[in-house]
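Chain residues, written in single-letter form:
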Amino acid sequence: MHDLPEVNTYCGMVAIVGRPNVGKSTILNEIIGQKVSITSRKPQTTRHRIMGIDTLDDRQAIYVDTPGLHSEEKRAINRYMNRAASSSLGEVSLVLFVVEGTRFNDDDKMVLKKIKNSRLPVWLIVNKTDKVEDKNALMTHLQWLHEQHDFAHVIPVSAKQNKYITELRDMVMEQLPPSEFYFPEEYITDRSSRFMAAEIIREKLMRYTGDELPYSVTVEIEQFKMTENGVYRINGLILVERETQKRMVIGKQGSHLKTMGSDARKDLEELFQNKVFLELWVKVKSGWADDERALRSLGYDNQ
Ligand SMILES: Nc1nc2c(ncn2[C@@H]2O[C@H](COP(=O)(O)OP(=O)(O)OP(=O)(O)O)[C@@H](O)[C@H]2O)c(=O)[nH]1
């Protein structure tokens, strides 16, 4: 009889699911200690499935941040996001179901239904507790939440104030099954530097522009290279649907684009630990959000 190879490390996938805007990406970034998933006040900021990798000594937790699940599936991009969110449930060992304070609406119900079907162990993470002034109401709500499903844990946190995030991280680490590491220990995400650069630029667009933009804007990295003097030279192309949106993104005498570019550059330098030279262009590309083929050509390939 052959001895099985001894594994003395622990590693597993943890899916972070929930309706849009409950703070999934913020929780992930707080756990990893770096911006691996972009966030904004606008719902549905996360469009892709992103892994955040947290390695500590002999343990590696691979968090999968998913686009917010929601019931509206009108446009192609919404369908894509729902697929990306659901497909991550197949391969994980633990689900963190994120809800917000004392709110629990139809979209939360829909997510809970999906989770129940998956039969995975679920921890309920009640985020944004800092926003709840009435602590008695919170207690009553937590009690009610407990009754909705056989949650292994119900954990109130505030990602924004970094409250109970370390405790959550430690609990997850304890829960990992014995396994080889999936990623080298220095990795913090499965995504390429190009992808991260595009996402950070998109985050600035989401944050600085009006409500009209979220669905219609996308970013392509046309060039990403190290120059002879050790600077990352990044050229980003911002694609919008309409001329009015182009003007909105650029701002008066380019003021908007300049501020966003400078903010994005700072984040990129922090992320890559390297000096960055960033150039941005804006171009009108009509109708892309309704065209699945165009989506795929821009990298929305549901992987
Ligand atoms: N007050 C408060 N706000 C928070 C907290 N966590 C996240 N937020 C804010 O909530 C908004 C949404 O956060 P995200 O992390 O982008 O939410 P998400 O669930 O990933 O959103 P989608 O990308 O739409 O799925 C942002 O403006 C965050 O700053 C928290 O603990 N307290």
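As recorded in an unreviewed UniProt entry, the protein goes by GTPase Era and comes from Opacimonas viscosa. Its UniProt record gives the protein the following Sequence similarities (unreviewed entry) comment, quoted word for word: "Belongs to the TRAFAC class TrmE-Era-EngA-EngB-Septin-like GTPase superfamily. Era GTPase family." Looking at the Function (unreviewed entry) heading of the UniProt record, one finds this comment for the protein: "An essential GTPase that binds both GDP and GTP, with rapid nucleotide exchange. Plays a role in 16S rRNA processing and 30S ribosomal subunit biogenesis and possibly also in cell cycle regulation and energy metabolism."

Right, let's talk about the overall build of the protein for a bit. Regarding its fold elements, the protein presents 9 helices and 9 strands. Across the 303 residues that make up the protein, the buried fraction comes to 51%. Sequence-distant contacts in the protein: of pairs separated by 6 or more residues, those separated by 24 or more amount to 73%. Summed over its atoms, the accessible surface of the protein is roughly 15,400 Å², and 47% of this surface lies on carbon and sulfur atoms.

Turning to the nonpolar core, a few remarks are in order. Formed by 49 residues in total, the largest nonpolar core has its most connected members in Tyr63 and Ile238. Ranked by residue count, the leading element in this core is helix α6 (residues 193-208), at 7 residues. Not counting the four nearest positions on each side in its chain, Tyr63 is found in contact with Val14, Ile16, Leu28, Ile31, Ile32, Ile50, Met51, Gly52, Asp54, Leu96, Arg169 and Val172.

Within the fold, Glu203 resides in helix α6. In contact with Glu203, other than residues within four places in its own chain, are Lys35, Ile38, Thr39 and Asp267.

Take the sheet that holds strand β9 (residues 276-284) next. With mixed pairing, 3 strands are arranged side by side in an open sheet as β7-β8-β9. The strands lining the two open edges of the sheet, one partner per strand, are β7 (218-226) and β9. Along the sheet, successive strands turn relative to each other by an average axial angle of 15°, direction set aside. Where β7 lies against strand β8 (residues 232-240), 8 bridges are found, and the strand directions are antiparallel. Note on β8: the bridge partner recorded for Ile221 is Gly236. Strand contacts of α6: β7, β8 and β9, with the helix running at about 135° to β7, the strand carrying the most contacts.

This brings us to the packing of helix α1 (residues 24-32) against helix α5 (residues 165-175). It is at 10 Å that the axes of α1 and α5 come closest, and there the two elements cross at 80°. Judged by the angle between their axes, α1 and α5 are roughly perpendicular. Contacts from Ile27, Glu30 and Ile31 of α1 reach α5 at Ile165, Leu168 and Arg169. Among the residues making up the contact of α1 with α5, the classes are represented as 4 nonpolar, no polar and 2 charged.

Thresholds applied
- Residues numbered from 1 in each chain as written.
- Predicted model: local features only at pLDDT ≥ 70, side-chain atom pairs only at ≥ 80, totals over all residues.
- Heavy atoms only, no water.
- UniProt positions renumbered as here; feature names shortened; annotations may be inferred.
- Helix = DSSP H or I, 4+ residues; strand = E, 2+ residues; numbered from the N terminus.
- Buried < 20%, exposed > 50% of the residue type's maximum accessible area, 1.4 Å probe, protein only.
- Contact = heavy atoms within 4.5 Å.
- Areas by Shrake-Rupley, 256 points an atom, 1.4 Å probe, with all protein chains shown as cover.
- Core = buried A, V, L, I, M, F, W, Y, C linked by side-chain atoms within 4.5 Å.
- Pairing = 2+ DSSP bridges.
- Axes fitted to C-alpha atoms, helices over the stretch in contact; angles between N-to-C directions.
- Parallel < 35°, antiparallel > 145°, perpendicular 65-115°, else oblique.
- Nonpolar A, V, L, I, M, F, W, Y, C, P; charged D, E, K, R; others polar.

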